Amino acid sequence: MLLIQCPYCAVERPELEFRYGGEAHIARPESPSELTDEQWADFLYMRSNPKGVMAERWRHVHGCGRFFNALRDTVSDRFLAVYKAGEPRPAIEVSAPAAPNKETGR
Amino acid sequence: MSEAILYSADGDTETVLAAPGLRVSRTRPVARFAFRGDAAAAGKAGAAFGASLPMTPLAANQVAARAALWLGPDEWLLLAADEPPAAIAAGIEAALADVPHALVDVSERNLALLVEGERAARLLNTQVFLDLDLAAFPVGMATRTLFAKAEIILWRLGDEAFAVECWRSFAPYIEGLLLEGARGL
Ligand SMILES: [Zn+2]
């Protein structure tokens, strides 16, 4: 199980207390009616799905209830940073593939 | 009931479990409120309630028979055993007439279990996956978390005493798992 740091509670908690919320920093278009179907579909469905560092939303649903953002390496499952909603994506230099940490099995 | 006591075990009829070094009991009813608002609203609410709403994550502040538990950056659980809910709500609402907030009476939604004794933490850890060592979860810490599949609010009242606030309909599920867990301790 992953241990995830909540930036609001300022503690590490088991993954079971959290809910995944998809890719972060995707702003809803200001005027949907002015978009083409392709542009709207792009907003609704198209995600970057990188192999490597990804910014994604998480919610501490069985804790403080808050949404926050995290940088996670999709290869190693390692969390590189967590930050509060509304804060900019932190600059993280992508280093060599890191060994998974915070793993307790599974 | 003593006025200074928030949670008191509801007599022998509500004892869920009694074993060496272990006792689980339901408490007498208390008034409960879910409070949402910003820091300014929380400040006024605390002054009116008589126990200030903690701004520190996972903190609880008890004053006599009243307590305020931090649940999130803008969310608190208020507990009181000395007055009926309507009177408490009226006092807080009067102080917050012009401040945006939400104050909801959830007295009947929850009930509280007291889990006490030298094996209390071990019993809880059969279904709660938090580190309950005193260094990691000190007296006075309160948090929402999971007990197996039921959401609870866990509040450490003493070295060997915990309160488990749970939704009323989940109580038989939690009590059943506590009984089962105690058999294996
Ligand atoms: Zn949290």
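Calculation rules
Residues numbered from 1 in each chain as written. Chains lettered and ligands numbered in written order. Predicted model: local features only at pLDDT ≥ 70, side-chain atom pairs only at ≥ 80, totals over all residues. Heavy atoms only, no water. Phe/Tyr/Trp six-rings, centres within 6.5 Å; stacked < 30°, edge-to-face > 60°. Helix = DSSP H or I, 4+ residues; strand = E, 2+ residues; numbered from the N terminus. Lys NZ or Arg CZ within 6 Å of the ring centre and 35° of its normal. Axes fitted to C-alpha atoms, helices over the stretch in contact; angles between N-to-C directions. Parallel < 35°, antiparallel > 145°, perpendicular 65-115°, else oblique. Left-handed = near helix turned anticlockwise from the far one by under 90°. Contact = heavy atoms within 4.5 Å. Nonpolar A, V, L, I, M, F, W, Y, C, P; charged D, E, K, R; others polar. Salt bridge = Lys/Arg side-chain N within 4 Å of Asp/Glu carboxyl O. Buried < 20%, exposed > 50% of the residue type's maximum accessible area, 1.4 Å probe, protein only. Donors = N, O, S within 2.8 Å, 3.2 Å for Na, K, Ca; no water. Tetrahedral: all angles 85-135°; square planar, octahedral: opposite > 155°, others 65-115°. Expected span 1.5 Å × (residues − 1). Arc of directions from axis to C-beta. pLDDT = per-residue confidence, 0-100.

Trainee: Would you explain the packing of aromatic side chains in this entry?
Mentor: Any two aromatic rings considered together are summarised by their centre-to-centre distance and by the angle between their planes. Scanning the entire structure with this criterion turns up six aromatic pairs over all chains. Between the aromatic rings of B:Tyr7 and B:Trp155, the centroid separation amounts to 6.0 Å while the plane-to-plane angle is 65°, which identifies the pairing as edge-to-face. One end of the pair, B:Tyr7, is in the segment before β1 (15-19); the other, B:Trp155, is in strand β10 (residues 150-158), with 148 residues separating them in the sequence. The ring of A:Phe67 has A:Arg57 sitting right over it, with the charged end atom 4.6 Å from the ring centre.

Trainee: Honestly, the packing of helix α1 (residues 39-49) of chain B against helix α2 (residues 85-95) of chain B in this entry has me stumped. Any pointers?
Mentor: Two quantities define a packed helix pair, namely the angle between the helix axes and the distance between the axes. Residues and elements named next belong to chain B. Packing of α1 against α2 brings their axes to within 9 Å, and their N-to-C directions diverge by 135°. One way to sum up the angle between α1 and α2 is to call them oblique. For the crossing formed where α1 meets α2, the hand is right-handed. Facing Lys44, Ala45, Ala48 and Phe49 of α1, the residues of α2 in contact are Ile88, Gly91, Ile92 and Ala95. Of the residues belonging to the contact of α1 with α2, the class tally is six nonpolar, one polar and one charged.

Trainee: Teacher, can you tell me more about the pattern of salt bridges here?
Mentor: Any two side chains of opposite charge can pair if their charged atoms end up close together. Residue and element names in this part refer to chain B. In this structure the tally under the stated criterion is twelve salt bridges over all chains. The partner of Arg32 in a salt bridge is Glu165, with the nearest N and O atoms 2.7 Å apart. Residue Arg32 is located in strand β3 (residues 31-36), and its partner Glu165 is located in strand β11 (residues 161-167); the two are separated by 133 residues in the primary sequence. Residues Arg32 and Glu165 agree in their burial class; the two are buried. A salt bridge links Glu180 to Arg183; the shortest N-O distance between them is 3.5 Å.

Trainee: Would you take a moment to explain the coordination of the zinc ion for this structure?
Mentor: The textbook angles at a metal center are 109.5 degrees for a tetrahedron of four donors and 90 or 180 degrees for an octahedron of six. Residue and element names in this part refer to chain A. Around the zinc ion, the protein supplies Cys6 (SG), Cys9 (SG), His60 (ND1) and Cys64 (SG) as donor atoms, at distances of 2.0 to 2.4 Å. Classification of the site at the zinc ion as tetrahedral follows from its four donor atoms and the range of 106 to 117° in their angles at the metal. If you list the donors of the zinc ion from N- to C-terminus, the spacing comes out as C-x2-C-x50-H-x3-C. Taken together, the positions of Cys6 in strand β1 (residues 3-6) and His60 in the loop between β4 (53-59) and β5 (67-73) put the pair 54 residues apart, joining distant regions of the chain.

Trainee: Sorry if this is basic, but what is going on with helix α4 (residues 171-184) of chain B here?
Mentor: One turn of an α-helix holds 3.6 residues; hence residues three or four places apart share an orientation. All names here are of chain B. For α4, which comprises 14 residues, the first-to-last C-alpha distance of 20 Å matches the rise-based estimate of 20 Å (1.5 Å per residue) to within 8%. Those residues of α4 that sit buried are Ala171, Ile174, Glu175, Leu178, Gly181 and Ala182. The buried residues of α4 occupy an angular sector of 125° when the element is viewed end-on, so they sit on one face. Those residues of α4 that are exposed and aimed more than 90 degrees away from the buried face are Pro172, Arg183 and Gly184.

Trainee: Before we go on, may I ask you to explain the confidence of the model for chain B in this structure?
Mentor: Regions with low pLDDT carry predicted coordinates that are not meant to be interpreted in detail. On average, residues of chain B score 94 in pLDDT, and 96% of them are at 70 or above. For this predicted complex, the interface score ipTM comes out at 0.91, alongside a pTM of 0.91.

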